[in-house]
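Listed below, chain by chain, are the residues.
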Amino acid sequence: MKSRTLKKNSIRRFAIKYNNPAVNGWCPICGDRTDPQIPLALFFEDSYTNVCDECGRQYAPELMELLNHFYQNTNKGEDCEAFKRQRELCKQMA
């Protein structure tokens, strides 16, 4: 079982940010693979370092509730405005 603790003197703040589809990797807290959702995901506030859902629930439960509410109440299909904006941003970055 992997450790899900931040370093003792580490105070990290979290933020919900628009996610680039290329952003995935390993959670810096526990080391598990992150597969962030699009268009929004949980990151460290001061970077684009993505945090896995389980660590997010442990360290930023209110933000994870907001994300869950967003995804439960938003149509993620082609007609979703957030999806369209994210897709256009990705095309511009390519």
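Treat the numbers as computed from the prediction; the structure is a model and nothing was measured.

## Here we look at helix α2 (residues 61–72)
Turning to step 1, where the next piece is worked out: Relative to the 16 Å expected for twelve residues at 1.5 Å per residue, α2 spans 16 Å between its end C-alpha atoms, a close match to the ideal helical length.
Turning to step 2, where the next piece is worked out: For α2, the complete set of buried residues consists of Met64, Leu67 and Tyr71. For α2, the buried positions fall inside an angular range of 60° around the axis, keeping them on one side. The exposed residues of α2 that point more than 90 degrees off its buried face are Glu62, Glu65, Leu66 and Gln72.
Turning to step 3, where the next piece is worked out: Buried residues in α2 make contact with β1 (14–18), β4 (40–44) and α1 (53–59).

## Some remarks on the nonpolar core
Turning to step 1, where the next piece is worked out: The biggest cluster of nonpolar side chains holds 14 residues, and the ones touching the most others in it are Phe14, Cys27, Ile29, Leu42, Val51, Cys55 and Leu67.
Turning to step 2, where the next piece is worked out: The set of elements that each furnish at least two residues to this core consists of β4 and α2.
Turning to step 3, where the next piece is worked out: Beyond its immediate chain neighbours, meaning those up to four positions away, Cys27 contacts Asp32, Thr34, Asn50, Val51, Cys52 and Cys55.

## What about the confidence of the model for the chain?
Turning to step 1, where the next piece is worked out: For the chain, mean pLDDT is 79; residues scoring 70 or higher make up 70% of the total.
Turning to step 2, where the next piece is worked out: Across the chain, element-level confidence peaks in α1 with a mean pLDDT of 94 and bottoms out in helix α3 (residues 81–93) with 70.

Basis of the calculations
Residues numbered from 1 in each chain as written. Predicted model: local features only at pLDDT ≥ 70, side-chain atom pairs only at ≥ 80, totals over all residues. Heavy atoms only, no water. Helix = DSSP H or I, 4+ residues; strand = E, 2+ residues; numbered from the N terminus. Expected span 1.5 Å × (residues − 1). Buried < 20%, exposed > 50% of the residue type's maximum accessible area, 1.4 Å probe, protein only. Arc of directions from axis to C-beta. Contact = heavy atoms within 4.5 Å. Core = buried A, V, L, I, M, F, W, Y, C linked by side-chain atoms within 4.5 Å. pLDDT = per-residue confidence, 0-100.

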